[in-house]
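Each chain, letter by letter, is given below.
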Amino acid sequence: MIQRFTSFLQTREMRKLRSNKAAMIALVAIATYVLLAVAIMCGAITRDACDTVVGANKLPGFFAKGSPEQRYEIATAKILKMTQTALTQDDPAEALKEIKLGQIRISDQPVENIQAIVDAANRIKDELNKSDDLDADPAMLPKLIELEATVAQLHAPMNGWDRTRHNASLLLGTDIQGRSILLRGLYSVKIAIQIGLVTATFSVILGALLGAAAGYFGGWVDHVVVWIYTTFSSIPNLVLLVVIAYAFTGFDLEERLLAIFGVPADSPSSLRGTIGKLFGGLDVKNSLLPVYLAFGATFWIGTCRVIRGETLKLKEMEYIHAARTAGFSSFHILLRHIIPNTAHLILINFSLLLIGAIKSEVILSFLGLGVKGQPSWGIMIRDAGNNGDVVSGFFWEIGTATVLMFVLVLAFNILSDALQDAFDPKHV
Amino acid sequence: MFAFTIRKIIYNIPIYLAVVLLMMALLRIRDPVAGQMGKNATAADFAAKRVELGLNEPLLSQYVSLLGSIFTFDFSREIWLEPGVSVGEKLAESVPVSLALTLPALCLTTVLSIVIAMVSAFNRGRWLDRTLVFFAVLGMSISFLVYIIFGQYLGAFKLQQLVGHPVFSIHGYESGIQNWAFYLLLPVLISVTVAMGYDTRFYRAVMVEETEADYITTARAKGASQMKIMFVHMLRNAMIPIITRIMITLPFLVTGSILLEQFFGIPGMGYTLLTAIQNGDFPVVEVFTAIFAGLFIVSLIATDILYALFDPRVRLQ
């Protein structure tokens, strides 16, 4: 096995591919993304972590200080407000313990001390409020620093590991709800890779099998396959994706399954949960099923067309005639002689489909029809657009999503080109 | 030739019938009535609405009546979201708007990318070619959304701040040729930027194939100028793949660009269609996809016929 692999690496095509430096760098980048996706799937970043508020709203990245007005907002926004609310509760000590802001906890002091800090902070706040525009008032700067220091006294000191995690989650700033942009951007890597891999694998297998069968058998098999793919390609791709995503978004799989199994609607929730778990996870409504259906219906067409054309060429080759004369069955010839000889085309198409799926996922999620209930680059871009981030010059959220996606797609584009150069140089 | 054309048309009829049926079936997976009724609607209200919209009839009879109205060009069916407006009026309103956006974009993209592709192919392997290819790949790797958002930000918002008065519209539309540049030039430019990467690469590959042909060597040997070789000899020979690519994109001119139209608030076909799908407005979606599929199939047949005209071998298959 290992020997076969090493000899495959020594073939002329692979040598050509390996000598392409850009392609090798792209491959390393892709491997990094895939490893990241696997790590996230194993629980390195949970969905909860992406939804947790870790700091003030719209913090800039790299711990930038921002203008005095922004610093004032940030200092008074979250932790001071939360502490104040907690102090008005019936049991302030308990309420203070429940405050969480990412890794930040309220320090373990008597309630009176906390109250004193809050009062001090409010006094400084009142003084700062006298100024109409802090940005134009440099004399107020020491007061502002004092306010920040006073608010910081509320936090319990963090130990080393917690501090590292807290700083990391603030590295690229926060979005409009105070959630970590870095964590959300990285979690979207998993979504993109997952959707890309599932879609590309399914489409390539379906397209290759149908294409090879159509090309090899000809006759009515060919007619049916060509008929199916012309039908699907006669509807604009984005329109078909939107219609399928729309149709299956409101589709309650769990309810259907319950109906099929004859479970009454008022049955205990544990039973419903078990059935939900058996079929595609608990949260069927928020699942990726509509996205997979939409991509699965359209993405196999390109591969099918290419493999059909190649099969038409291959089936007239002498070795296929020889295999037929030797008495091998059609299925044997198809699976052992034809499809392996289209492997290079399958590989190239796989890479191209991955790019297509990742880009389409972002657009569908942007339109509100793709990923739901979890972060995705499309959702990040939409949020940034809806919240006026771009107009107000806050580029951290849209920038993170764009850069992460750009690097991945660029790497795949370079790799696809290199694969094409190495394995299919005559392609136009 | 006549028999060939007839055969092609007959071959494509089942495809057309399937497209219309597929679209109808897909739309009906989700109950459209639920979205249009209030929370307190009773089962009787639902049934009444169904009858009003004609959804109580079996799928097959709805299918036949839809086909009937398409083949007789009768688009007088009322749309569900705006009472009193027919599908035909909606189409007549939105298709010209989409064309005003997509047609200039297609012309500009094609001309620019063919010129760049020729320059690139003629300098194959040199630094100019490599730089152009690099930028094409770079351009292809950025999401369409990012082009639109930053295009709108820089072109409409920042430019307005810089000059002091609006140069391009940020959102909205008015018809009329005098308003074209204000509302549509920026979307056209964004659309051209996005498409350039893909088109340049395709045309470059076509041209590279041609630069290796013998007739180029002959032309050089007889002393033809570089310009003449590029624009007369090479371009004429590369015309078939170019025409094919343009023919295939023609039906898409009508659909407009869903994303661009949505961002800039242009009431073209893409925007109308997206709103119709999201609100479950079946008449618009069904008629529109039926028309698009018709155009698509016609352009497929036309391409086949053009091929057959140029290459007699195709006719025998």
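Here the structure is a predicted model, which is why all the values come from computation and not from measurement.

Draft legend 1. Representation of the domain arrangement of chain B in the model. Residues and elements named next belong to chain B. According to the domain assignment, chain B consists of domain 1 (2-71) and domain 2 (92-310). A straight line from the C-alpha centre of domain 1 to that of domain 2 covers 33 Å. Contacts between the two partners involve 18 residues from domain 1 and, on the opposite side, 15 residues from domain 2. Where domain 1 abuts domain 2, roughly 1400 Å² becomes buried across the two surfaces, and 80% of that area is made up of carbon and sulfur atoms.

Draft legend 2. Seen up close, the nonpolar core. Residues and elements named next belong to chain A. Ranked by size, the top nonpolar core spans 159 residues in total, and within it Phe295, Trp377 and Ile381 carry the most contacts. With near-sequence residues (within four places) excluded, Trp377 lies in contact with Tyr33, Gly185, Ser188, Val189, Ala192, Ile358, Val362, Ala401, Leu404, Met405 and Leu408. Counting 24 residues, the second largest nonpolar core, distinct from the first, contains Ala95, Ile117, Met140 and Leu144.

Draft legend 3. The arrangement of the pattern of salt bridges in detail. All names here are of chain A. As enumerated under the stated definition, the model contains 16 salt bridges over all chains in all. Between Arg179 and Asp175 there is a salt bridge, with its nearest N and O atoms 3.1 Å apart. What makes Arg179 buried here is its relative accessible area of 10%. Each of Asp51, Asp175, Arg179 and Arg184 takes part in one network of salt bridges that share partners.

Draft legend 4. Structural view of the packing of aromatic side chains. If you walk through the whole model with that rule in mind, you get 18 aromatic pairs over all chains. Centroid distance Phe292 of chain B to Phe296 of chain B: 6.1 Å. Interplanar angle 25 degrees. Geometry classified as stacked. Separated by four residues within a single helix, Phe292 of chain B and Phe296 of chain B lie in helix 15 (residues 282-310), roughly one turn from each other. Just as Phe292 of chain B is buried, Phe296 of chain B falls in that class too. Here a set of aromatic residues connected by ring pairs shows up, and it is made of Phe395 of chain A together with Phe150, Tyr153 and Phe157 of chain B. Residue placement shows Lys8 of chain B over the ring face of Tyr11 of chain B; its charged tip is 5.8 Å from the ring centre. The aromatic ring of Phe202 of chain B is capped on one face by Arg245 of chain B, whose charged end is 4.4 Å from the ring centroid.

Cut-offs used in this document
Residues numbered from 1 in each chain as written. Chains lettered and ligands numbered in written order. Predicted model: local features only at pLDDT ≥ 70, side-chain atom pairs only at ≥ 80, totals over all residues. Heavy atoms only, no water. Domains from an automatic or database assignment. Contact = heavy atoms within 4.5 Å. Buried area = accessible area lost by both parts, 1.4 Å probe. Core = buried A, V, L, I, M, F, W, Y, C linked by side-chain atoms within 4.5 Å. Buried < 20%, exposed > 50% of the residue type's maximum accessible area, 1.4 Å probe, protein only. Salt bridge = Lys/Arg side-chain N within 4 Å of Asp/Glu carboxyl O. Phe/Tyr/Trp six-rings, centres within 6.5 Å; stacked < 30°, edge-to-face > 60°. Helix = DSSP H or I, 4+ residues; strand = E, 2+ residues; numbered from the N terminus. Lys NZ or Arg CZ within 6 Å of the ring centre and 35° of its normal.

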